[in-house]
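Residues per chain are reported as follows:
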Amino acid sequence: MEEGDFMKHQTRNLFPFAAVLGQEQMKLSLVLNAIHPGIGGVLIRGEKGTAKSTAARALSELLPRMENAVGESISAPFIDLPLSATEDQVIGSMDMEQAIVYGRAVLQPGILARVHCGILYIDEVNLLDDHLVDSILDVASTGINVIEREGLSSSHLSEFVLVGTMNPEEGDLRPQLLDRFGLCVDISGEKDPLVRKALLLSRELFDADTSGFRRRFDDGTALLRRQIGKAKELLAEVRIPSHLIQFIAEICNRNHVAGHRADLVIERAACAHAAWKERLEVSVEDITLVAPMALLHRMRNADAPDMPPPPPQPENREDDQKEAEESPETDDRQPPPPPESGEEESSSGQDAENSADNQEDERELPLPPPPSESIEEVHAVGDSFKVKRFRKDDLKHVRSGSGRRSRTRSMTRQGRYIKSSHRVVNNDLAIDATLRAAAPYQKSRHELQGDAQAIYIIKADQRGKIRERRVGSFMLFVVDASGSMGAQKRMQETKGAVMSLLLDAYQKRDKVAMISFRGRESSLLLPPTNSVDMAAKLLEEMPVGGRTPLPHALAETERLLERVLRKEPAVIPMAFIITDGRANAGLDSGKPPHEEALLMARRLGALFPQVHFIVIDTEPQNLIKLGLSRKIAEALGAEYLQTDDLKAEDLVAISKQQA
Amino acid sequence: MKKVTFPFTAIVGQEQMKQALILNVINPGLSGVLIRGEKGTAKSTAVRALAEILPEIEVVDGCPYQSDPHKADSLSPYCRELLEKGENLKSHFRKITVTELPISATEDRVVGTLDLEHALKHGKKKVEPGILAAANRGILYVDEVNLLDDHVVDVLLDSAAMGVNTIEREGISFSHQARFTLVGTMNPEEGELRPQLLDRFGLCVTIEGLRDPKQRIEVIQRRMAFEADPEAYVISCRKDSEALTERIRKAIELLPSVNVGDEMLDDIVHRSLNAGVDGHRSDIIILKTAKTLAAWRGRIQVESVDIDSAADLALPHRMRRKPFQEINA
C-alpha cells in the first residue's frame, strides 16, 4: 500500500519518454513490447549514461490504462525489481500478519502477481542472482506463476513485459537467459555534437523545473499513449502473408540462430510494428526493421545480421525499393520527433558514423613487430578475446571470499539472503520465515499459554537464512618469457591470451598472481592481489629473452600455491602455465632441464590435487612439433590447451550443451 | 562526548580535493566525488571534517528518512502515515550529516530490513530503516570503496540510479527516497573500481602526498598542534571555518541564478567528445559543476575557466580507456 503511493509520487519525477532524444531503436523496441507483450521483453545493452534506465522507466507512463477487478480504470503496474529482492517477495509467500491474527494461511502475493499486465523492470539484470533471473524468466515465458512453498499451493496468471538493462562491462548474461529476452538492442552515446547539446539542454531544463518540463511534454505523452492503445486494438487484425513467413524462416536460417524463438519473436514484432504503423498487413520493411533486434543476441558473432533478399511479391504491388524510400516521409508513427528541429537528420547521420567507427575498430589490428634478434624485448599485447568458461558453477561448496566466478553458499553472515531453510547457522535467523512458520499456531498457542507474549515461537519454528555470494577464484599465471617466445609474434599472441584471461578475471572479481620465467630463474612478478589492473600493466611491460628455466618456475609455483592455500584453504585456484615447454635451464640437479621439469610437474600435480592446472601450449602449429608442453600437462594432470582453444565456444554450442 | 575532528580549513594543500568536496556541498546534484590517492594523504580526514562546514537543512521531526516537510512528492512513508492520521508535520533545522558506510556492512543493514522487535512484540511487520535511509539528503561516505563487497556495490548502484531505495525482502515491500552524495576514497594500489560504480561518482580527484618541504612541515606542525589540544585548535580555526560556511551559504543562494551561454554548451559537448567518454553523464556533470563553480566564485555567468576546472574534475574517470589502462588525472 505504501509502496504504491510512493511510486505514484515517483512518476511525477519521471523524464518523459517523448523527450528522450535519439536512441530510436531502443525506443521502438520498448514501444513494440508495449503493443505486444508476447514479444517477450527487451534487453537493452549499453554503456553507462546512455538513457537506458531513463527510457525504460519512462515507458511506464505510456502503457494504456487498464481496468482492475472492480472495473476502475487504473494505470498499468510498473515494478522496478531491486537487486536485493528475496525469492519469497518475488514469487509470493505466506502472509505473516494474517496468519498471526486469524490463524489462517493466506498468500501474500509477490512481485510476479503485482506486475500482471504491466512492466517488470530489472536494472543491471546481469548482476541479479541467477536463481532469481531463472524463476522470473520462467514465469515470463509461461505467463503463469506456480507457488509451492510453506504449505501453500497456488498459481496465478502473470503476464508482463520484461525490460532489462545491462552494461556489458560488468559481465554477461548466460546464453540461455539471453535467448529468453525477445528483443535486444545495443546502444551507445550520441556522437553528434548538436544532439549531445540538445540532450544536455533538455536534461538541464528537466533538473531545473521538473514539473514544468513534464508539462511541456504532456501532449506528446498522451499522444503516444493513445497511439499505443490504438495499435494494441489493431494488433488482433494484423495478418502476415505466407510468403513473408517463409522470409522470416530464411532470415533465421541464414544467421544460424539456435532454436525457433527468433522466428516467433520476429513474427510478433513485425505484426506489432505493422499495427504501430496502422497497417493490417505485415510488409517486408516491418520484418527487416525488427529482425536485427531479434537476432542480435542470438547469433554466433557480433556482425550485422545477414539479410536474404526480400521475397518476390506475389501480386503486382508497389516496388519494394520505392516503398522503402517513401517510408521515412510517411513515417509519422516514429516515437515523436525531439523538440529541436534538424534533430532527426543528425541522429540518423550519427548511426552511420557509429557503424563506420566500429568497422574502423575492427580494422585496427596490431602490426606485427619487426623481427628482432636482440636479447631482451617487450612485445605488444595481442588481440584479446572472450574466454570460455572453465568450470561449472558449483553451489555445493561452502567458501569464503568475494568475487563472482562461482556462486556459492555463504557460511558467514555476508552475502545476499536468497531464501530460508530449517537449518540455522551462525544464529543467522530468517525472521520473516520464522514468523511465517510460527504464525498458523499462534491462535492455539495463545489459547494454551495465555496472552503474556504477543507471539510464541518454539524451536521448531526457527528458520535460518541461506545466503549466497559469488566467490572469485584465484588465478595464477605462470608465463614463459624466454627467448624462444619472442619469435613469430608468439609473445604477442600469448599476451593477448593472458590479457583475455585477465579481463575475464576482472569481470569475475578473481584474485590474480603472476610468475614469469626467463634466463636463469623465475620471479614472482605479482603477489596475489585483487588488482587485475596491476597484472595487466605488468604483462604489458614483461620483457622477453634468454633461456627457459621451466623447472624454476614450477618450483616457484609450488611455493606460491602452498602459501595461498595455507591462508585460504577453501579457495580453488586455477594455475595457467603458459609455455612452449622447451626447458633448457635447470635447477643444477644433474638431470637435463627437461626431465627436471617433468619431475617437478608430477610433484606439483600430486601435491595439489585441488588446483585446476591448465597448460597453454604456445608452440607454433606449423613447425615441427616437439610436444613438450603436452608431456608437462600429462605429468601435472592438467588440462592441455592451445591458445585458440581458449576462445569461448559459440553461442549455439553453449546453449546446446546446457539445454 | 563528541569526538573532535581535524578542521577542514586546516588541511594543507590538496586544493582540488577540497574544491571537489565543497562543490558537492553547494550542489548535491553533482552526485558525489571519488578521491583516489596513496595512503596518508588526508583523504579521510577531509571527508570527516566536511561535517563541520555543512549547511543546515529542514527535516521532519523523528523521520528516519530525513524528509523535507515542504516537498510533498518525496515524503517518506513515515511522514505520510502521520499525515493520514491527521497530524501536522513538525520540523527543525539541522546540519547535513555524513553517514559512513563501513565496508563490512551487510546488505540488509544497507537497504533496511524487517524490524525484529516490532514483529515479535506486535506480530506486525515494520521496516527497520537501513543506512540508505540515514543517508537520504546527506552524504554517504565509503572509505576504501574499492574493497566494498560486490553485492553491496550492486544495491548502492541500484538506489543511486533513481534516488530511490526499494526494499523487497523478508515480507516487506517498501520504498523511500534515497538521494545522497556519494563520497568515496580509495587507494588504487588495492584494485580499481568497477566502471559502473566509477561513473556514478560525479567528480574524481587523484591526490598525491605534498612534495614541497615547507608544506610538509606545515602539515606536521598543524597536526601536532591539533593533537596537543584538539578543542583549542578547533577554536583557533573557528574564524576560517565560519568564513567558509558563509561562503558556501552564499554560493548556494547564488546557484539558481547562474546562467550559461550557448557557446559554453558547445564547448562542453566538444570536450566530452574529444575525450571519447562513454555516455552522456559527463556533459551533464561538467555543466552542473561549471555552474556551481561560478556560484562559488561569486559570479552569475559561467566562464571558460569554470569549464576548464569542471572538465578536470568530471572527465578523467570517464575517458574510454582500454581495459586496465590507468586513470590519468
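Note that the structure is predicted; figures quoted are calculated from it, not measured.

Enquirer: Would you mind showing me how to read the overall build of chain A here?
Expert: Across its full length, chain A carries 24 helices and 23 strands. For chain A, buried positions account for 53% of its 659 residues. Taking as baseline every contact in chain A between residues at least 6 positions apart, the subset at least 24 positions apart corresponds to 78%. Carbon and sulfur atoms make up 51% of the accessible area of chain A, which amounts to about 29,400 Å² in all.

Enquirer: What should I look at first to understand the overall build of chain B in this one?
Expert: A tally of regular secondary structure across chain B gives 14 helices and 11 strands. Taken over 329 residues, chain B has a buried fraction of 56%. Relative to all contacts within chain B whose residues are 6 or more apart in sequence, the contacts with residues 24 or more apart total 74%.

Enquirer: Sorry if this is basic, but what is going on with the packing of helix 1 (residues 15-26) of chain B against helix 13 (residues 281-296) of chain B here?
Expert: Between two packed helices, what matters for the description is the angle formed by their axes and the separation of those axes. Residue and element names in this part refer to chain B. It is at 10 Å that the axes of helix 1 and helix 13 come closest, and there the two elements cross at 95°. One element, helix 1, and the other, helix 13, form an angle in the roughly perpendicular class. Listed contacts from helix 13 to Q19, I22, L23 and I26 of helix 1 are T289, T292, L293 and W296. Looking at the contact of helix 1 with helix 13, its residues break down into 5 nonpolar, 3 polar and no charged.

Enquirer: Looking at this structure, I do not really get helix 17 (residues 431-438) of chain A. What am I missing?
Expert: Because each turn of an α-helix spans 3.6 residues, side chains separated by three or four positions in sequence point in the same direction. Here helix 17 of chain A lies mainly inside the structure; 8 of its 8 residues are buried. Buried within helix 17 of chain A we find A:I431, A:D432, A:A433, A:T434, A:L435, A:R436, A:A437 and A:A438.

Enquirer: Could you clarify how one ought to interpret the packing of aromatic side chains in this entry?
Expert: The geometry of two aromatic rings is summed up by the distance between their centres and the angle between their planes. All names here are of chain A. Per the stated rule, a full pass over the model turns up 9 aromatic pairs over all chains. Ring geometry for F78 versus Y121: centroids 6.0 Å apart, planes at 25°, classification stacked. Of this pair, F78 sits in strand 4 (residues 78-80) while Y121 sits in strand 7 (residues 119-122), and the two are 43 residues apart along the sequence. Like F78, the residue Y121 is buried in the burial classification.

Enquirer: Please clarify how the state of the cysteines should be interpreted in this entry.
Expert: The term disulfide refers to a covalent linkage connecting the sulfur atoms of a pair of cysteines. Applying the stated criterion across every chain yields a total of 0 disulfides over all chains. B:C79 provides the cysteine sulfur closest to B:C63, a residue in no disulfide bond, and the two sulfurs are 3.8 Å apart.

Enquirer: What exactly am I supposed to notice about the sheet that holds strand 10 (residues 180-186) of chain B here?
Expert: The strands that make up a sheet are held in pairs by hydrogen bonds between backbone atoms, and each pair lies either parallel or antiparallel. Residue and element names in this part refer to chain B. What the 5 strands build is an open sheet, ordered 4-7-10-1-11; its pairing is parallel. The open sheet is flanked by strand 4 (98-100) and strand 11 (203-207), the only strands paired with a single partner. The average angle at which neighbouring strand axes cross in this sheet is 20°, direction not considered.

Enquirer: In this structure, what is going on with the sheet that holds strand 4 of chain A? I would like to understand it.
Expert: Residue and element names in this part refer to chain A. Ordered in space as 4-7-10-1-11, the 5 strands form an open sheet in which the pairing is parallel. This sheet does not close on itself; its edge strands, each paired only once, are strand 4 and strand 11 (183-187). Strand-to-strand twist of the sheet, defined as the mean angle between neighbouring strand axes without regard to direction, takes the value 15°. In this sheet, strand 10 (residues 161-166) lies alongside strand 1 (residues 42-46) in parallel orientation, the contact comprising 4 bridges.

Enquirer: Got a minute to help me understand helix 14 (residues 304-314) of chain B in this structure?
Expert: Among all positions in helix 14 of chain B, only B:D306, B:I307, B:S309, B:A310, B:A311, B:L313 and B:A314 are buried. Here the buried face of helix 14 of chain B lies against helix 1, strand 11, helix 12 (262-275) and helix 13 of chain B.

Enquirer: Explain the pairing of strand 10 of chain B to me, please; I cannot follow it from the model alone.
Expert: Consecutive side chains along a regular strand alternate between the two faces of the sheet. Residues and elements named next belong to chain B. Burial of strand 10 is extensive: 7 of the 7 residues sit out of reach of the surface. Burial along strand 10 is two-sided: F180, L182, G184 and M186 and T181, V183 and T185, pointing in opposite directions, are all buried. Inspection of the sheet shows strand 1 (residues 33-37) paired to strand 10 by 4 bridges, in the parallel sense. Within the sheet, the bridge partner assigned to L34 lies in strand 10 and is G184. Bridge analysis of strand 7 (residues 138-143) against strand 10 gives 6 bridges, and the strand direction is parallel. Of the residues in strand 10, the one forming a bridge with D143 is T185.

Enquirer: Would you take a moment to explain the confidence of the model for chain A for this structure?
Expert: Caution is warranted with low-pLDDT regions, since their predicted coordinates should not be read in detail. Residue and element names in this part refer to chain A. Summing up the model confidence of chain A, the mean pLDDT is 73 and the portion of residues at 70 or higher is 71%. In this model, residues 1-9 is a region of pLDDT below 50 whose contacts with residues beyond four sequence positions or in other chains number 21 contacts. Taken together, the stretch residues 649-659 has pLDDT below 50 and engages in 14 contacts with residues farther than four places along the chain or on a different chain.

Enquirer: Help me understand unusual backbone geometry, please; the structure alone is not making it clear to me.
Expert: A negative phi angle is the norm for most residues apart from glycine, just as the trans form is the norm for most peptide bonds. All names here are of chain B. Of note in this structure, S31 is not a glycine but carries a positive phi near 50°. Positionally, S31 belongs in the loop between helix 1 and strand 1. S31 sits in the partly exposed class, given a relative accessible area of 24%. One non-glycine residue, R137, adopts positive backbone phi at about 65°.

Enquirer: How should I be thinking about the nonpolar core in this particular structure?
Expert: A general tendency of soluble globular proteins is for nonpolar side chains to be buried together. In this structure, A:F17, A:L30, A:V163, A:I266, A:V282 and A:I287 are the most contacted members of the largest nonpolar core, which totals 65 residues. It is helix 13 (residues 261-276) of chain A that contributes the most residues to this core, 10 residues altogether. Among all residues touching A:I287, those that are not within four sequence positions of it are A:L244, A:F247, A:I248, A:I251, A:I266, A:A270 and A:V282. Core analysis: the next-biggest nonpolar cluster, separate from the first, contains 60 residues, B:F8, B:I35, B:L203 and B:A251 among them.

Enquirer: I would appreciate a short explanation of the environment of A:S153 in the present structure.
Expert: All names here are of chain A. Within the secondary structure layout, S153 lies in strand 9 (residues 152-157). Each C-alpha atom of the pair S153 and L107 lies 9.0 Å from the other, and the pair is 46 residues apart in sequence. Setting aside residues up to four positions removed in sequence, S153 forms contacts with I147 and E148.

Enquirer: Whenever I open this one, the side chain of B:S76 confuses me. Can you help?
Expert: All names here are of chain B. Mapped onto the secondary structure, S76 falls in the loop between strand 2 (56-60) and helix 3 (77-84). Note on S76: relative accessible area 1%, which makes it buried. Those residues in contact with S76 that sit more than four places away from it in its chain are C63, Y65 and S67.

What counts and what doesn't
- Numbers given for residues are sequential positions, taken from 1 along each chain in its written order.
- Lettering of chains starts at A and numbering of ligands starts at 1, both following the order in which they are written.
- Owing to the predicted nature of the model, reporting of local features is limited to residues with pLDDT of at least 70; listing and counting of side-chain atom pairs is limited to 80 or more, with chain, interface and lining totals taken over all residues.
- Computation of side-chain values covers all heavy atoms of the structure but excludes hydrogens and water.
- By the criteria applied, helices consist of DSSP H or I runs no shorter than four residues and strands consist of E runs no shorter than two, each listed in order from the N terminus.
- Summary of the burial criterion: residues with accessible area below 20% of their type's maximum are buried, those above 50% are exposed, and those between are partly exposed, where the area comes from a 1.4 Å probe applied to protein chains only.
- Residues are treated as being in contact if the distance between any of their heavy atoms lies within 4.5 Å.
- Here the accessible surface of atoms and residues is derived via Shrake-Rupley with a 1.4 Å probe, and residues count as covered only by protein chains that are part of the display.
- Angles here are taken between N-to-C directions and fall from 0 to 180 degrees, while the axes themselves are lines fitted to C-alpha atoms, restricted in helices to the stretch in contact.
- By the definition adopted for this analysis, an angle is roughly parallel if under 35 degrees, roughly antiparallel if over 145, roughly perpendicular if from 65 to 115, and oblique otherwise.
- Think of it as three bins: nonpolar holds Ala, Val, Leu, Ile, Met, Phe, Trp, Tyr, Cys and Pro, charged holds Asp, Glu, Lys and Arg, and polar takes everything else, Gly as well.
- Each Phe, Tyr or Trp ring, with Trp reduced to its six-membered ring, pairs with another whose centre is within 6.5 Å; inter-plane angles below 30 degrees give stacked pairs, above 60 give edge-to-face pairs, and intermediate values give tilted ones.
- Cysteine sulfur atoms are paired as a disulfide whenever they come within 2.5 Å of each other.
- Here, any two strands with at least 2 DSSP bridges between them count as paired.
- A residue's pLDDT is the predictor's confidence in that residue, given on a scale from 0 to 100.
- Nonpolar core, defined: a set of buried Ala, Val, Leu, Ile, Met, Phe, Trp, Tyr and Cys residues in which side-chain atoms within 4.5 Å join the residues together.

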